[in-house]
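# Overview (structure and organization)
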Amino acid sequence: MAAQVPRNFKLLAELEKGEKGMGAGACSYGLEDPEDIFMTHWRGTIWGPPHGHHENRIYELKMECGPNYPTEPPEIHFVSQINLPGVHPTDGKVDKNYVAILRDWTRIAAELAKNARPKEDPLSLESALIAIRKFMDENKKLPQPPEGSKYEMYKGL
């Protein structure tokens, strides 16, 4: 049985990767508050995929890593309004059943707990953002709200 990486070590590694910009160029992420010692609240951005209604747009997201992260997926909300299946129309919450990595997260985490961890961790905030961007690309022809629109609850941010 493989050893499980403690939550804070995992999140520290993700923070370092995000701050150094070592991840995917189409997504970025970091702590919402640098003083958040529990590393619970994160912000992310996704650059819209090309050749569709998302092109040249930057989408802002909020991510929450609960106490059982990385065994359980983060809760993700779009701050920027988006018309996308599986995204709640009033608060931007991403339904994990629509994005494969979020849907399968708990199963993958259980498999990783039994085996040695691969060099590239398949379960991370970055992998979640990349999967959401891929899902956006699959739905790139859907009409979108005006650029710069935010969900009502985030208009003061």
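Because the structure is predicted, anything quoted here is derived from the model rather than measured. (Residues numbered from 1 in each chain as written. Predicted model: local features only at pLDDT ≥ 70, side-chain atom pairs only at ≥ 80, totals over all residues. Heavy atoms only, no water.)

### Quick notes on helix 3 (residues 125-138)
Over its 14 residues, helix 3 runs 20 Å from end to end, which matches the ideal 20 Å to within 8%, given 1.5 Å per residue. Taken together, the buried positions of helix 3 are occupied by Leu125, Glu126, Ser127, Ala128, Leu129, Ala131, Ile132, Phe135 and Met136. Looking at the buried side of helix 3, the elements it contacts are helix 1 (7-19), strand 1 (27-31), strand 2 (41-47), strand 3 (58-64), strand 4 (75-78) and helix 2 (100-114). (Helix = DSSP H or I, 4+ residues; strand = E, 2+ residues; numbered from the N terminus. Expected span 1.5 Å × (residues − 1). Buried < 20%, exposed > 50% of the residue type's maximum accessible area, 1.4 Å probe, protein only. Contact = heavy atoms within 4.5 Å.)

### What to know about unusual backbone geometry
The amide bond that connects tyrosine 69 to the next residue, proline 70, takes the cis arrangement and shows omega of 10 degrees. Its place among the elements puts proline 70 in the loop between strand 3 and strand 4. Positive phi values are uncommon outside glycine, yet methionine 39 reaches one of about 50 degrees. A positive phi is found at asparagine 56, a non-glycine position, where the angle reads about 65 degrees.

### Let's talk about the pairing of strand 2
Among the seven residues that make up strand 2, five are buried, leaving the element largely enclosed by the rest of the structure. Sheet topology note: the strand 1/strand 2 ladder contains five bridges and is antiparallel. Bridge pairing links glycine 30 to arginine 43 in strand 2. (Pairing = 2+ DSSP bridges.)

### Thoughts on the confidence of the model for the chain
The predicted model of the chain has a mean per-residue pLDDT of 90, with 91% of residues at 70 or higher. Between the elements of the chain, mean pLDDT differs from a low of 88, seen in helix 1, to a high of 98, seen in strand 4. (pLDDT = per-residue confidence, 0-100.)

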